[in-house]
Amino acid sequence: MAAQLVFTQTLLSELQAQLAALMPSSVFLLCDANTRQHAAPLAAALEAAVLEVPAGEEHKSIETAYRLWKELLAAGADRQAVLVNVGGGMITDLGGFVAGNYKRGIRCIHVPSSLLGQVDAAVGGKTGINVQGVKNAVGLFYEPEAVLFDTALLHTLPERELVSGKAEMFKHGILADPALFDALQALEKAEIPALDLLQRAVEIKCNIVAIDPSEQAERKLLNFGHTLGHAFESYFMYTEQPLLHGEAVFMGMLAETRLAMSLGLLPAATGELIEKALLPYQVEVHWPPFEALMPWLLQDKKNRGAKISFSLPIALGDAIFDKQLAPDQLLALAPQIYPSA
Ligand SMILES: NC(=O)c1ccc[n+]([C@@H]2O[C@H](COP(=O)([O-])OP(=O)(O)OC[C@H]3O[C@@H](n4cnc5c(N)ncnc54)[C@H](O)[C@@H]3O)[C@@H](O)[C@H]2O)c1
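Residues numbered from 1 in each chain as written. Predicted model: local features only at pLDDT ≥ 70, side-chain atom pairs only at ≥ 80, totals over all residues.

### Thoughts on the overall build of the chain
Step number 1: What the chain contains, in helices and strands, is 13 helices and 10 strands.
Step number 2: Whereas a compact globule of 341 residues would reach a radius of gyration of roughly 20 Å, the chain reaches 20 Å, a difference of no more than 12%.
Step number 3: In terms of its C-alpha atoms, the chain occupies a principal-axis envelope of roughly 60 × 40 × 35 Å.
Step number 4: Of all 341 residues assigned to the chain, the portion counted as buried reaches 45%. (Helix = DSSP H or I, 4+ residues; strand = E, 2+ residues; numbered from the N terminus. Rg over C-alpha atoms; globule rule 2.2 N^0.38 Å. Buried ≥ 20, exposed ≤ 12 C-beta atoms within 10 Å, placed from the backbone.)

### Some remarks on unusual backbone geometry
Peptide bonds are, in most cases, trans, and in most cases residues other than glycine have a negative phi.
Step number 1: Residues other than glycine seldom take positive phi values, yet Glu-47 does so here, at roughly 55°.
Step number 2: With respect to the helices and strands, Glu-47 occurs in the loop between helix 2 (36-46) and strand 3 (49-53).
Step number 3: Positive phi, normally seen in glycine, also occurs at Arg-104, with a value near 60°.
Step number 4: Considering the arrangement of structural elements, one finds Arg-104 in the loop between helix 4 (89-101) and strand 5 (107-112).
Step number 5: For Arg-104, a count of 7 C-beta atoms within 10 Å gives the class exposed.

### Overview of the site of the ligand
Step number 1: Close contacts around the ligand come from 27 residues, with Asn-34, Gly-88, Gly-89, Met-90 and Ser-114 the closest.
Step number 2: Among the secondary structure elements, those contributing two or more residues to the shell around the ligand are helix 4, helix 5 (115-121) and strand 7 (134-138).
Step number 3: Classifying every residue of the shell around the ligand by side-chain character gives seven nonpolar, 12 polar and eight charged. (Near = placed C-beta within 6 Å. Nonpolar A, V, L, I, M, F, W, Y, C, P; charged D, E, K, R; others polar.)

### Looking at the pairing of strand 7
Step number 1: Sheet topology note: the strand 6 (residues 129-131)/strand 7 ladder contains two bridges and is antiparallel. From the neighbouring strand, Ile-129 faces strand 7, where its bridge partner is Val-138. (Pairing = 2+ DSSP bridges.)

### Overview of the sheet that holds strand 3
Step number 1: The strand order 1-8-5-4-2-3 describes an open sheet built from six strands, whose pairing is parallel. Two strands close off the open sheet at either side, each with one partner strand: strand 1 (4-7) and strand 3. Ignoring which end each strand starts from, the neighbouring axes of this sheet average 20° apart.
Step number 2: One ladder, built from five bridges, connects strand 2 (residues 27-32) with strand 3; its direction is parallel. Its bridge partner being in strand 3, Leu-30 is matched across the sheet by Leu-51. (Axes fitted to C-alpha atoms, helices over the stretch in contact; angles between N-to-C directions.)

### Structural notes on helix 4
Residue pairs spaced three or four apart in an α-helix point in one direction, given the helix's 3.6 residues per turn.
Step number 1: Taking 1.5 Å of rise per residue, 13 residues should cover 18 Å, and helix 4 covers 18 Å from first to last C-alpha, within 8% of that figure.
Step number 2: Of all 13 residues in helix 4, 12 are buried; the element is thus mostly enclosed.
Step number 3: For helix 4, the full list of buried residues reads Gly-89, Met-90, Ile-91, Thr-92, Asp-93, Leu-94, Gly-95, Gly-96, Phe-97, Val-98, Ala-99 and Gly-100.
Step number 4: Elements in contact with the buried residues of helix 4: strand 2, helix 3 (62-74), strand 4 (82-87), strand 5, helix 5 and strand 6.
Step number 5: At the exit of helix 4 stands Lys-103, carrying a positive phi of roughly 50°. (Expected span 1.5 Å × (residues − 1). Contact = placed C-beta atoms within 7 Å.)

### Remarks on the domain arrangement of the chain
Step number 1: Annotation of the chain at the domain level lists domain 1 (4-156) and domain 2 (159-337).
Step number 2: Taking the mean C-alpha position of each, domain 1 and domain 2 sit 28 Å from one another.
Step number 3: At the junction of the two partners, domain 1 supplies 14 residues and domain 2 supplies 19 residues.
Step number 4: Every element with two or more residues in the side of domain 1 that touches domain 2 is listed here: strand 1 and helix 5.
Step number 5: When residues in the side of domain 1 that touches domain 2 are grouped by element, the largest group, five residues, is from helix 5.
Step number 6: Taken together, the residues of the side of domain 1 that touches domain 2 sort by class into eight nonpolar, five polar and one charged. (Domains from an automatic or database assignment.)

### Some thoughts on the environment of Leu-254
Step number 1: Within the element layout of this structure, Leu-254 appears in helix 10 (residues 245-262).
Step number 2: In sequence terms Leu-254 and Leu-228 are 26 residues apart; their C-alpha atoms lie 9.5 Å from each other.
Step number 3: Once residues within four sequence positions are removed from consideration, Leu-254 is found in contact with Glu-275, Leu-278 and Gln-282.

### Comments concerning the packing of helix 6 (residues 159-176) against helix 10
Step number 1: Interhelical geometry of helix 6 versus helix 10 gives an angle of 40° and a closest axis separation of 6 Å. Between helix 6 and helix 10, the interaxial angle falls into the category oblique. Here the hand of the crossing between helix 6 and helix 10 comes out left-handed. Two secondary-structure elements touch here, helix 6 through Ser-164, Gly-165, Lys-166, Ala-167, Glu-168, Phe-170 and Lys-171 and helix 10 through His-245, Gly-246, Glu-247, Val-249, Phe-250 and Met-253. (Parallel < 35°, antiparallel > 145°, perpendicular 65-115°, else oblique. Left-handed = near helix turned anticlockwise from the far one by under 90°.)

This is how it looks when you write it as structure tokens:
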């Protein structure tokens, strides 16, 4: 069953109402060291226990999950307990995984506190942990009962995380909603988006996921910017300047917009409009030689055979998926899509 999505400016009372409807035997709030500031007052008001883990992607691990299961057992959590996950994508992925497996599944609620968490990670039912550096190597689809969105939580988010989180919002605007794209473009770079803009971006993801939950077709659209984006993210992970996911996606969307233009799929005027919106969000890094991205592009799990698969815009608000390009074809296009090629 799909989660209930609640956009609110009164988080505590909304959470109280959600929990009252679930009639839990006990309530636990999961947070990391940075989101404790939001989880602790909620827990105090709800008379609930706080479970805190260290912040950081390296803690989205089986060791952390095991520790949390032990803590839940020690606290006597039974099958009617509810876990409330207050944090970014690390916490909602981990908390969903912990809830989905504890006693074969206890109910959970997500309260995403990062922009990436709100617009992407907490929506769609994917949970997971990393294993030996492989992201989300183990996980399950496990829907929370509800996801509560409150942009007030974003005021404490580091600016770099906030700006990076806008990548997925822009992506949704470019793919499906010119008005969202225009509204995002009108914001200051580090401005927190209003709740209605967030809602629009979340609804676009939900609509696409509802049509194609298992990513056989339309859900692949959400990969716009991510074929090259993941390659940039992986490349820079091994440098002194690792990128945040959204920063890499902003680079990927810029390059893939140029790719769509050079393939004649996207009219030049529209492509230039998208480029203009994305340029202020490009991080100051030296783009690596295109060939250096090839090992990651060839490993991309979306590929078919030896071809590299892209989702590309064909208009503002419209896109295609499964555009397959042979590595040679892509390398030949590099000078047009890639500033330093
Ligand atoms: N399940 C999915 O569909 C999905 C989709 C996209 C990403 N993800 C996952 O999401 C994770 C990335 O999400 P993220 O960028 O939110 O990472 P994150 O949870 O690590 O948060 C980033 C940083 O911001 C801090 N933070 C979060 N909210 C804060 C707040 N309100 N105030 C102060 N600090 C705050 C965190 O402690 C952390 O240091 C990755 O693990 C990724 O795999 C999952």
